[in-house]
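Next come the chains, spelled out residue by residue.
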Amino acid sequence: GMRFTDGHSSSGVCSPSRYAVLTGRYHWRTRLQSGIVGVFGEPLIAPERLTIAGLARQHGYRTACIGKWHLGWDWPIGPAQRKFLQAARKKVKDDEAPVDTAERLAAWQDIFSKPIAGGPTTRGFDEYFGTDVPNWPPYCYIENDRTVGIPSELLPARLVGDNLASFSGPAMPY
């Protein structure tokens, strides 16, 4: 084992801190110059960038990442499908939430039935299980490069609560 007694982070938010831990690089040497990776954002770690997981694999270790990723993915979302993923950021009553139309559900079926490139299993990890961001859509688990099930309903506003960092979006039935 190893004991760390004096750790520091070069950022106070998740995506850049996670980038620095996994790559050993200063996080502002990426396209992300402020804040965090956005909802359904692209990968922050370049495909050729060595991560601590990739280094461990080079030395014969099996690697796994469990939990929140929030470093972006190459979500298989077509330009015409984006409008079906945009969630309301304003507070609304549940009965004011957008209705799940056949067109919206068909878009979700198409998007979430495909592999999601650019995630942990393409950045050095053999296995992954977790969420992109637990308080952002899609509200479902991801195993390796696929969602566990297909989100089929919009997360009701009452489940978002008063958290300003959360909003409604595609969700698995609860």
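Sequence order sets the numbering: in each chain, residues are counted from 1 along the sequence as written. Only residues with pLDDT of 70 or above have their local features reported here, since the model is predicted, and side-chain atom pairs are shown and tallied only from 80 upward, although totals for entire chains, interfaces and linings are computed over all residues. Note that water and hydrogens are dropped before the side-chain values are worked out from all heavy atoms of the structure.

J.: Mind laying out the overall build of the protein, listing which residues take part and the relevant values?
T.: For helices the rule is a DSSP run of H or I covering at least 4 residues; for strands it is a run of E covering at least 2, with both sets numbered from the N terminus onward. For the protein, the count of helices and strands is 4 helices and 6 strands. Expressed as lengths along the three principal axes of its C-alpha atoms, the size of the protein is roughly 50 × 30 × 30 Å. The proportion of buried residues among the 174 residues of the protein is 39%. Should any heavy atoms of two residues lie within 4.5 Å, those residues are counted as being in contact. Sequence separation of at least 24 residues holds for 67% of the intrachain contacts in the protein that already meet a minimum separation of 6. The Shrake-Rupley method, run with a 1.4 Å probe sphere, supplies the accessible areas, and residue values consider only the shown protein chains as cover. When the accessible surface of the protein is totalled, it reaches about 10100 Å², and 54% of it is carbon and sulfur. Side chains of the protein give 20 positive and 17 negative charges; the mean places of these two sets differ by 6 Å. Each residue is assigned to one of three classes by its accessible area relative to the maximum for its type, calculated with a 1.4 Å probe on protein chains only: buried under 20%, partly exposed between the two thresholds, exposed over 50%. Residues scored as charged are limited to Lys and Arg (positive) and Asp and Glu (negative), so that His and the chain ends carry no count. A charge is said to be at NZ when it belongs to Lys, at CZ for Arg, at CG for Asp and at CD for Glu.

J.: Break down a nonpolar patch on the surface for me, citing the residues and quoting the values.
T.: Patch definition: residues above 30% relative accessible area lacking any salt bridge, with like charges linked at up to 9 Å and the nonpolar side chains Val, Leu, Ile, Met, Phe, Trp and Tyr linked at up to 5 Å. Between Lys or Arg on one side and Asp or Glu on the other, a salt bridge is scored when a side-chain nitrogen of the former is within 4 Å of a carboxyl oxygen of the latter. Residues Ile66, Phe129, Tyr141 and Val148 make up a contiguous nonpolar surface patch of about 400 Å² in total accessible area. Within the secondary structure layout, Val148 lies in the loop between β4 (146-147) and β5 (153-154).

J.: Describe helix α3 (residues 102-112), with residues and values.
T.: Looking at α3, one finds that the buried residues are Arg104, Ala107, Trp108, Ile111 and Phe112. Here the buried residues of α3 occupy an arc of 110 degrees about the axis, which is enough to place them on one side. Exposed and oriented more than 90 degrees from the buried face of α3 are Ala102 and Glu103. Those residues of α3 that are buried lie in contact with β4, β5 and β6 (170-171). Note that the arc is computed from the directions linking the helix axis to the C-beta atoms.

J.: An account of the packing of aromatic side chains is requested, with residue identities and associated values reported.
T.: Between 30 and 60 degrees the pair is tilted, below 30 it is stacked and above 60 it is edge-to-face, where a pair is any two Phe, Tyr or Trp rings, Trp via its six-membered ring, whose centres lie within 6.5 Å. For the structure shown, the criterion picks out 7 aromatic pairs. Judged by centre distance (6.5 Å) and plane angle (70 degrees), the ring pair of Trp69 and Tyr128 falls under edge-to-face. Placement of the pair is Trp69 in the loop between β1 (64-68) and α3 and Tyr128 in strand β2 (residues 127-131), with a sequence separation of 59 residues. Each member of the pair, Trp69 together with Tyr128, is buried.

J.: Hey, could you go over the pattern of salt bridges for me, with residue numbers and the actual values?
T.: Scanning the model with the defined rule gives 4 salt bridges in all. A salt bridge links Asp126 to Arg62, with the shortest nitrogen-to-oxygen separation between them at 3.8 Å. With Asp126 in the loop between α3 and β2 and Arg62 in the loop between α2 (52-58) and β1, this residue pair connects regions lying 64 residues apart in the sequence. The partner of Glu127 in a salt bridge is Arg62, and the shortest N-O contact between them spans 2.8 Å. Separated by 65 residues along the polypeptide, Glu127 in strand β2 and Arg62 in the loop between α2 and β1 bring together distant segments of the chain. Classification of Glu127 as partly exposed rests on a relative accessible area of 41%. Judged by its relative accessible area of 61%, Arg62 falls in the exposed class. If you follow the salt bridges from partner to partner, you end up with Arg57, Arg62, Asp126 and Glu127 in one network.

J.: Give a description of helix α1 (residues 14-23) that names residues and reports values.
T.: Within α1, the full set of buried residues consists of Ser15, Pro16, Ser17, Tyr19, Leu22 and Thr23. Buried-residue contacts for α1 involve α2. Positioned one or two residues after α1, Gly24 has a phi angle of 75 degrees, which is positive.

J.: Outline the pairing of β2, supporting the account with residue identities and numerical values.
T.: Pairing analysis gives 5 bridges linking β1 to β2, with the strands arranged parallel. Pairing of Ile66 across the sheet is with Phe129, part of β2. The pairing of β2 with strand β3 (residues 142-143) spans 2 bridges and is classified as antiparallel. Considered in β3, the bridge of Gly130 is made with Ile142. A pair of strands is considered paired only if DSSP assigns at least 2 bridges between the two.

Purely spatial values, then, with no claim about function.
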